[in-house]
Amino acid sequence: MGKLAIISDLHADINHFEETELNLLLETLQEKKITRLHFAGDSANKIEQTLTINEYFRKHGLDTTFNLGNHEMGSIAGEEMIEHYPDSHFLNFRYLPLNDSTVLLGLNGWYDYQFSELQDQEKIASMKRLYWYDRIITRSGDDPTVNQRILQQLDSVLQNLEKAQYRVILATHFVPQKQFIVRLEGQYQIWNQLNAFLGSASLGELLNRYNNISDVVFGHTHRRFDEQLIQGTRYHCRPLGYYYEWRLTRDFVLNNQLVEEYNPMKLRGVLRKHQEAFQAYKSEHLKQEFQQAMTVIAY
């Protein structure tokens, strides 16, 4: 019996993680008796740092694999490299046997615009060029076309795994089910349009067809949700996200009455003003944040 931990949205560069923080994460994993680790995208903005992070955990005796998120994709040139990055620990359309009956299947994923309030695909694409990080990523086709090509390849892999009667744990980056999409009101309603880039409803429809997928783990949304059972599959979304979005950060600013209205996007200046106190609080509570931001599955 082993334990798989899957972590998404580590964002080690934005979160200013050095060896101290990585060692704390390793300690957390060891305390949970984790035997295998997988990073489900956005470990860092640069693929080189993602590889370094993976190697850190392998050097300390923990078998570690990864798939890409949109942040790593921004530092990789070309569709072939994005989908078939030349690293033996990279899982995309590739699966890793965990035991005689269970495999870990990795998938980068993409989006099909269906989670947006907008219907006009050209207007959605225009918003991406104006507002979204992914405008720096070059893919071979428009987004819905890329997504459809990914689903065709994934379907072929899933058919083979179903025939072999494997239990599948799928790790991907983007959101596959509408239950994990949040609709906002008031001044933040624009995010309902930008939900176009959070994931793929058509991926969820494909996954619903396979009864041997026991678990799907993903992130990207930077919101954590309780586990949900959808058509017999358990869905897990517990991304770590940016430091100013963490629960420990919320507790720090609210407990110290540093803001009148809590808004994660406006906390960076507040945290800079109280940097020393925040660092001390973070050191005390970061392990708990790590525990809340990982999915552990027995195999």
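None of these values were measured; they are calculated from a predicted model.

(A) Representation of the environment of Glu117 in the model. Checked against the element boundaries, Glu117 lands in the loop between β5 (102–107) and α5 (121–131). For the pair Glu117 and Ile190, spaced 73 residues apart in the sequence, the C-alpha separation amounts to 9.3 Å. Those residues in contact with Glu117, other than ones at most four positions away along the chain, are Arg183, Asn192 and Gln193.

(B) Inspection of α5 at higher detail. Among the residues of α5, those classed as buried are Ile124, Ala125, Met127 and Lys128. When α5 is viewed along its axis, its buried side chains cluster within an angular range of 155 degrees and face the same direction. Of the residues flanking the start of α5, the one acting as N-cap is Asp120, its side-chain oxygen 2.9 Å from the backbone nitrogen of Glu122.

(C) The arrangement of unusual backbone geometry in detail. Positioned with a positive phi, His11 is a non-glycine residue whose angle comes to about 45 degrees. By relative accessible area, His11 is classed as buried at 0%. A positive phi angle, near 60 degrees, is found at Lys33, a position not held by glycine. Topologically, Lys33 is positioned in the loop between α1 (19–31) and β2 (36–40). Its relative accessible area of 62% is what places Lys33 among the exposed residues.

The rules we used
- The residue numbering used here restarts from 1 in each chain and proceeds along that chain's sequence as written.
- Only residues with pLDDT of 70 or above have their local features reported here, since the model is predicted, and side-chain atom pairs are shown and tallied only from 80 upward, although totals for entire chains, interfaces and linings are computed over all residues.
- In computing side-chain properties, one takes all heavy atoms of the structure into account and sets aside hydrogens as well as water.
- Secondary structure counts use DSSP, requiring at least four H or I residues in a row for a helix and at least two E residues in a row for a strand, with both numbered from the N terminus.
- Contacts are assigned to residue pairs with any non-hydrogen atoms lying within 4.5 Å of each other.
- Type-normalised accessible area, obtained with a 1.4 Å probe on protein chains alone, sets the label of each residue: buried when under 20%, exposed when over 50%, and partly exposed for intermediate values.
- Picture the helix axis, draw a direction to every C-beta atom, and the arc is the one those directions span.
- Polar contact is defined as a pair of N or O atoms within 3.5 Å, subject to the rule that within protein one atom must be able to donate a hydrogen and the other to accept it, and that residues adjacent in sequence are counted only when both atoms are side-chain atoms.

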